Amino acid sequence: MAFKLLASFVSLLAALQVANGAATKKVTCASGQVTSNAACCALFPVIDDIQANMFDGGGCNEDVHESLRLTFHDAIGISRKADKEGVFGGGGADGSIAIFANIETNFHANNGVDEIIDTQAPIIARHNLTTADFIQFAGAIGASNCPGAPRLDVFLGRKDATQPAPDLTVPEPFDDVSKILARFDDAGKFSSDEVVALLASHTIAAADHVDPTIPGTPFDSTPELFDTQFFIETQLRGTLFPGNGSNQGEVMSPLHGELRLQSDAELARDARTACEWQSFVNNQAKLQSAFKAAFAKMTVLGQNTRELIDCSDVVPTPPAPASAAHFPAGLTHRDVEQACRQTPFPALRTDPGPATSVVPVPPS
């Protein structure tokens, strides 16, 4: 499965490079930066703008988390099944979630995305980019601020949406595993392994609206790092709710201040996904490569890749990983709910000190 995923990604990237002349000489932009295509020069001022005005000068902050969430909520709005039935199933990564914000932000699964859409809107207006390109670009640049993240691929030339995506294309945290896997298959023939890989984005995520009484509640204990803690901590026995515990799509978590989505808990324990989930536990290199490949596939859903320009070389190199896989203080191997029958859970050290309590992610 991993080989097929990699082969598919390599084929996509090769096609983009051939179609857009990626093998030509490097171009020096008016700003002095160097890139592989003159069209990509327009992206350097955009990077400066979003780093200064969204990401607090290059931090892995809440707007990074929200921008990465928006890439998914826009791109997943596509249905091959609906199109075959003669009904518009959505345009994928076409910017519809922002262009038709008055419609799509009212969908239950998109609760809260209006905030990052409003934050991005004035920056989009200052630059000559389609909304579709900007949404995916901002997510990739934001991720590059987070230690341990892969350097994500970016492409230029998406066409903007002319109509909104339909409701019910974005999975909900209370959906069961079968429904989630079916939705990803319908959207872009994502394998179960690719679905797990995309959820690596939750390692730098926090929830504002699952329990509105505790905004900014992270999904793992290191939301400022793109590391494997999310895959460790979702497999630990849940013992408490960080807030009032009466919210749809939430289940008990192992740490004070940490929120666990029902969908994450079930994917970590389902026979179809548990071993792939566990495989990321202490494998930072796999986490990076698998997320990079799955993101590259997601970010062009609904687009004609032969018309896109590969501008991946403008993305800054992310900081090196800044943590090693570990059990949070107060927890050990005995707290693991082992779900993968084929492979033992890796041996990990436990952080010293009193039981871990996770602080909220501050607003940007």
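Residues numbered from 1 in each chain as written. Predicted model: local features only at pLDDT ≥ 70, side-chain atom pairs only at ≥ 80, totals over all residues. Heavy atoms only, no water.

Here's the deal with the pattern of salt bridges
Tallied over the entire structure, the rule returns 16 salt bridges. A salt bridge links Lys-159 to Glu-307, with the shortest nitrogen-to-oxygen separation between them at 2.8 Å. Here Glu-307 lies in the loop between α14 (284–298) and β8 (309–310) and Lys-159 lies in the loop between β3 (155–156) and α9 (177–188), a separation of 148 residues in the sequence. Assessed through its relative accessible area of 54%, Lys-159 is described here as exposed. Among the residues examined, Glu-307 registers a relative accessible area of 43% and is labelled partly exposed. Measuring nitrogen to oxygen at the nearest pair gives 3.9 Å for the salt bridge that ties Arg-237 to Asp-335. With a gap of 98 residues between them, Arg-237 in the loop between α11 (229–233) and β6 (250–251) and Asp-335 in the loop between β9 (326–327) and β10 (349–350) connect regions that are remote in the sequence. (Salt bridge = Lys/Arg side-chain N within 4 Å of Asp/Glu carboxyl O. Helix = DSSP H or I, 4+ residues; strand = E, 2+ residues; numbered from the N terminus. Buried < 20%, exposed > 50% of the residue type's maximum accessible area, 1.4 Å probe, protein only.)

Structural notes on the state of the cysteines
In the structure shown here, the tally under the stated rule is 4 disulfides. Residue Cys-40 pairs covalently with Cys-311 via a disulfide, S to S 2.0 Å. Between Cys-40 and Cys-311 the disulfide shows an S-S torsion of about -80 degrees. By sign, it is left-handed. In this pair, Cys-40 sits in the loop between β2 (34–35) and α2 (43–53) while Cys-311 sits in the loop between β8 and β9, placing the two residues 271 residues apart along the sequence. Judged by its relative accessible area of 0%, Cys-40 falls in the buried class. Between the sulfur of Cys-275 and that of Cys-340 lies a disulfide, 2.0 Å long from S to S. One quick way to see it: the torsion about the S-S bond of Cys-275 and Cys-340 is about 95 degrees, and its sign makes the bridge right-handed. You can see Cys-275 sitting in helix α13 (residues 274–279) and its partner Cys-340 sitting in the loop between β9 and β10, a full 65 residues away along the chain. Exposure remark for Cys-275: the relative accessible area of 27% places this residue in the partly exposed category. Indicated for the protein is the disulfide connectivity 1-3, 2-7, 4-5, 6-8, based on numbering the bonded cysteines in sequence order. (Disulfide = S-S within 2.5 Å.)

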